[in-house]
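Chain by chain, the residues:
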Amino acid sequence: MKNYYFLFLLILFYSCSEDDTSIPEEKPEENNFSTEIFFSEYVEGTSYNKALEIVNLTGENINLETKIYSIKKQSNGTGDWMGEVLLAGNLAHEKTFVIGNESAPISKIISGSNQLKAGAPLDFNGNDPVGLFKNGELIDVIGNLDSDEDFAKDQTLRRKKSIREPSLEYNPNDWEFLEMDNVEDLGSY
């Protein structure tokens, strides 16, 4: 009887052991990371109520200074980029970075900003395209380049969650259009 018990345990052991040909390896989940950071919100409100939100969905923490990220605008679509502001600080994966106009009357713009700036490019209005640059190269844009068309006058734009990449062309279908001075989600994505 002892031999049968030993034989049973031996069979059980071999049948439960891992066999590479019978057990498929688990494949890692496909990541859905962005190739680059991008604009996720645009506030063009009354007076100096201006703010831009950038989101990081790259899967990495980014030092904005080391990578030399900046924001510029085209005044009335003149074609020339102006008013460069270099971004400072770190941007963790799945976090946002807000740069606001330091003279904004809405306190949430001031308190919710990672960086504040007066003047260009944070004095944009609804016909001033705004660009996000990395090391001098345009990587994302809000507004129609080289055009003075009002694309977002007196509005807040929030990028749709389905958009996961920056774009060198402004597409209004990629954005939700909200009322002027709406900052309720500024700083969260």
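Keep in mind the model is a prediction, meaning the values are calculated, not measured. (Residues numbered from 1 in each chain as written. Predicted model: local features only at pLDDT ≥ 70, side-chain atom pairs only at ≥ 80, totals over all residues. Heavy atoms only, no water.)

Asker: Teacher, can you tell me more about the sheet that holds strand β5 (residues 81-86) here?
Answerer: Hydrogen bonds between backbone groups are what pair the strands of a sheet, and the pairing can be parallel or antiparallel. If you walk across this open sheet you meet the four strands as β5-β4-β9-β10, and the pairing is antiparallel. Strand pairing shows two members of the sheet lacking a second neighbour, β5 and β10 (137-142), which therefore form its edges. On average, adjacent strands in this sheet sit at an angle of 30° to one another, irrespective of strand direction. Pairing of strand β4 (residues 69-74) with β5 involves four bridges; the strand directions are antiparallel. (Pairing = 2+ DSSP bridges. Helix = DSSP H or I, 4+ residues; strand = E, 2+ residues; numbered from the N terminus. Axes fitted to C-alpha atoms, helices over the stretch in contact; angles between N-to-C directions.)

Asker: Would you take a moment to explain the pattern of salt bridges for this structure?
Answerer: Counting across every chain of the model gives seven salt bridges. Here Asp123 makes a salt bridge to Lys73, at a shortest N to O gap of 2.8 Å. In this pair, Asp123 is assigned in the loop between β8 (115-117) and β9 (130-134) and Lys73 in strand β4, connecting sequence segments 50 residues apart. Residue classification places Lys73 among the buried residues on the basis of a relative accessible area of 4%. One salt bridge in this structure joins Lys73 and Asp128, with 3.8 Å as the shortest N-O distance. Pair noted here: Lys73 is in strand β4 and Asp128 is in the loop between β8 and β9, with a separation of 55 residues, a long-range link. You can call Asp128 buried: its relative accessible area is 2%. Through salt bridges with shared partners, a single ionic network connects Glu41, Arg158 and Asp185. (Salt bridge = Lys/Arg side-chain N within 4 Å of Asp/Glu carboxyl O. Buried < 20%, exposed > 50% of the residue type's maximum accessible area, 1.4 Å probe, protein only.)

Function cannot be inferred from these measures alone, as they are strictly geometric.
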